[in-house]
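Architecture at a glance
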Amino acid sequence: MNASLIAKCFEVNGQLVSVVPYGSGNINDTYHVIFRTSYSERRFILQRIRKNVFPHPEIIMDNMRIVTDICHAKLKEINEDSDRIWQLPKIIQTHDGKDFYEDGNGDLWRAITYIASAQSYETVQSNDHAYEAGTVLGFFHNLISDIPIDSLGYVIKGFHITPSYLEQLDAVKNTPYAKELLSEHREARTCMRFIEERRDFIPVFENAKAAGTLKLHPTHGDPKVGNILIDAATGKGTSIIDLDTIQPGLIHSDIGDAIRSACNPAGEDANDLSTVRCDIDLFASIWRGYKRHAKKFLTEADYLYIYDAIRILPLELGLRFFADYLNGDTYFKTRYVGHNLKRALVQFKLVESIENHEFQIRKIIGV
Ligand code: GN1
Ligand code: MG
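Quick look at the structure, then. All figures in this text were calculated on a predicted structure; none of them were measured in a lab.

Points about the site of ligand 1
Looking at ligand 1, there are 16 residues lining it, with Asn26, Lys224, Glu268, Arg320 and Tyr331 nearest. Here an oxygen atom of ligand 1 sits 2.8 Å away from a polar atom, N or O, in the side chain of aspartate 242. Measuring from an oxygen atom of ligand 1, one finds a side-chain N or O atom of tyrosine 331 at 2.5 Å. Considered class by class, the residues forming the shell around ligand 1 number 7 nonpolar, 3 polar and 6 charged. In this structure, the shell around ligand 1 is formed jointly by two domains, domain 1 (1-116) and domain 2 (119-367), each of which donates at least three residues.

Here it is as structure tokens:
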């Protein structure tokens, strides 16, 4: 069934005008849909959730239902007395009152409201933008902090469990296909060495959880700068989108992910590796924004692990891209041969820059 037929299954007034591919997600298929009546227009986002990445997509929708209902109830009150109108996408149900539509192939489709007059950027635009990205994540963490983690399911097993990605790499690196890539491409061997040199660091967060030093919280899972909406009228951050990976986890994963994407002005898809770096002013801005709301809930132990979070998230993402490259690009969508290798090199370059700036980063964090 095509996207246009599916779009008509959701509870939206009017007649379908257009269904156009939208955004630059690495996993799901996203469409921007317009419906019109003789007096109004309704735009929304329609997405197909990929089964090979999300084997239980219904858990995504259960989590999204719980979190968005709680957040929308709170936002009503908060917005009366705030410096901005905070927003969050809302689920649009099907005509028969369900949160998703399952097509004949067993794929799951869902519709969510479109936050108009706001924009996201794949790369950080300025210190102010980084500050706003940090502010939105801090606000969101605070907003969801009292949702009991037991009420949330796990959408992807092992998500942000860095050692599990290392295990995947260890399993794939000896396959004939991976061995061929490794022997043919010097850059692939460079990636392998880069990871090997950091093998001991990889379980840092699993150890902190096991020791009880860090606790699980509700998390967003993918708060990169491209998932933060900036109000086109005011320039202020207004919403966090892409609520697919909400699940219990460490806020450090979110913090590290937001920072790795907002401190690197060259972005995740940089063409020229020499432009990839951790910009300290950008880092300071996002951290200042994050702390605006996060000061209220960050513990002393949380602060002690912030630098490690900033270092490990790009290492983890690079490891994920690299393992997928050696595995024949089955997880992340790619636009050209070797795209995942290039993505991994970008993340590892960023890790190196973060390591070189450890002293300055720690000084800004204060530990
Ligand atoms: C994937 O599809 P997208 O862009 O929302 C990935 C994230 C990565 C991100 C890197 C479920 O997210 O973990 O950080 O790419 N999502 C999943 O751009 O693996
Ligand atoms: Mg995502």
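So that's the structure; there's more coming.
Brief notes about helix α2 (residues 57-78)
With 22 residues, α2 extends 31 Å between its outermost C-alpha atoms, agreeing within 8% with the 32 Å of an ideal straight helix rising 1.5 Å per residue. Among the residues of α2, Pro57, Ile60, Met61, Asn63, Met64, Val67, Thr68, Cys71, His72 and Leu75 are the ones counted as buried. On its buried face, α2 is in contact with β3 (41-49), β4 (91-92), β6 (108-113), α3 (127-144) and β11 (247-249).

Regarding the environment of alanine 7
Mapped onto the fold, alanine 7 is located in helix α1 (residues 3-7). When the C-alpha positions of alanine 7 and threonine 94 are compared, they lie 9.3 Å apart, and in sequence the two are 87 residues distant. When sequence neighbours within four positions are dropped, the list of residues in contact with alanine 7 reads Leu16, Val19, Val33, Phe35, Phe44 and Leu46.

Examining the coordination of the magnesium ion (ligand 2)
Between any two of four tetrahedral donors, the ideal angle at the metal is 109.5 degrees; between two of six octahedral donors, it is 90 or 180 degrees. Protein ligation of the magnesium ion (ligand 2) involves Asp222 (OD) and Asp242 (OD), the donor distances falling in the range 2.0 Å. Taken together, the residues span a long stretch of sequence, with aspartate 222 in the loop between β8 (217-219) and β9 (228-231) and aspartate 242 in the loop between β10 (237-240) and β11 at a distance of 20 residues.

A short note on the packing of aromatic side chains
The final tally for this structure, using the stated rule, is 12 aromatic pairs. The interplanar angle of 85 degrees and the centroid separation of 6.5 Å between the aromatic rings of tyrosine 290 and phenylalanine 297 together place this pair among those described as edge-to-face. By way of ring pairs, the aromatic residues Trp287, Tyr290, Phe297 and Tyr303 are connected into one cluster. Sitting over the ring of phenylalanine 194, arginine 198 keeps its end group 3.6 Å from the ring centre. Here arginine 311 stacks its cationic end above the ring of phenylalanine 201, 4.0 Å away from the centre of that ring.

Calculation notes
- Here, residues in each chain are numbered from 1, in the same order as that chain's written sequence.
- Going through the entries in the order they are written, you letter the chains from A and number the ligands from 1.
- Predicted model: local features are reported for residues with pLDDT of at least 70 only, side-chain atom pairs are reported and counted for 80 or more only, and whole-chain, interface and lining totals are derived from all residues.
- Processing note: side-chain calculations cover all non-hydrogen atoms of the structure and skip hydrogens and water entirely.
- Nearness is defined per residue: one heavy atom within 4 Å of the molecule or strand is enough.
- Within 3.5 Å is the distance limit for a polar contact, defined as a pair of N or O atoms, with the added protein rule that one can donate a hydrogen and the other accept it, and that residues adjacent in sequence qualify only through two side-chain atoms.
- Under the grouping applied here, Gly and all other residues not named as nonpolar or charged are polar, the nonpolar ones being Ala, Val, Leu, Ile, Met, Phe, Trp, Tyr, Cys and Pro and the charged ones Asp, Glu, Lys and Arg.
- Either an automatic procedure or a domain database provided the assignment from which the domain bounds are taken.
- Under the scheme used here, helices are H or I runs from DSSP no shorter than 4 residues and strands are E runs no shorter than 2 residues, and both carry numbers assigned from the N terminus.
- A helix is expected to span 1.5 Å for every residue after the first.
- Per-residue accessibility, obtained with a 1.4 Å probe over protein chains only, is compared with the maximum for each type, and a residue is labelled buried under 20%, exposed over 50%, and partly exposed between these values.
- The criterion used for residue contact is that any of the two residues' heavy atoms lie within 4.5 Å.
- Coordination shells were defined by N, O and S atoms within 2.8 Å of each metal, extended to 3.2 Å for Na, K and Ca; water is absent from the atom set, which can make sites look incomplete.
- Stacked, edge-to-face and tilted are the three classes for Phe, Tyr and Trp ring pairs, Trp counted by its six-membered ring, which pair at centre distances within 6.5 Å; planes under 30 degrees apart are stacked, over 60 edge-to-face, the rest tilted.
- The rule for a charge over a ring is simple: NZ of Lys or CZ of Arg within 6 Å of the ring centre, and within 35 degrees of the ring normal.

Any functional reading would require information that these geometric values do not contain.
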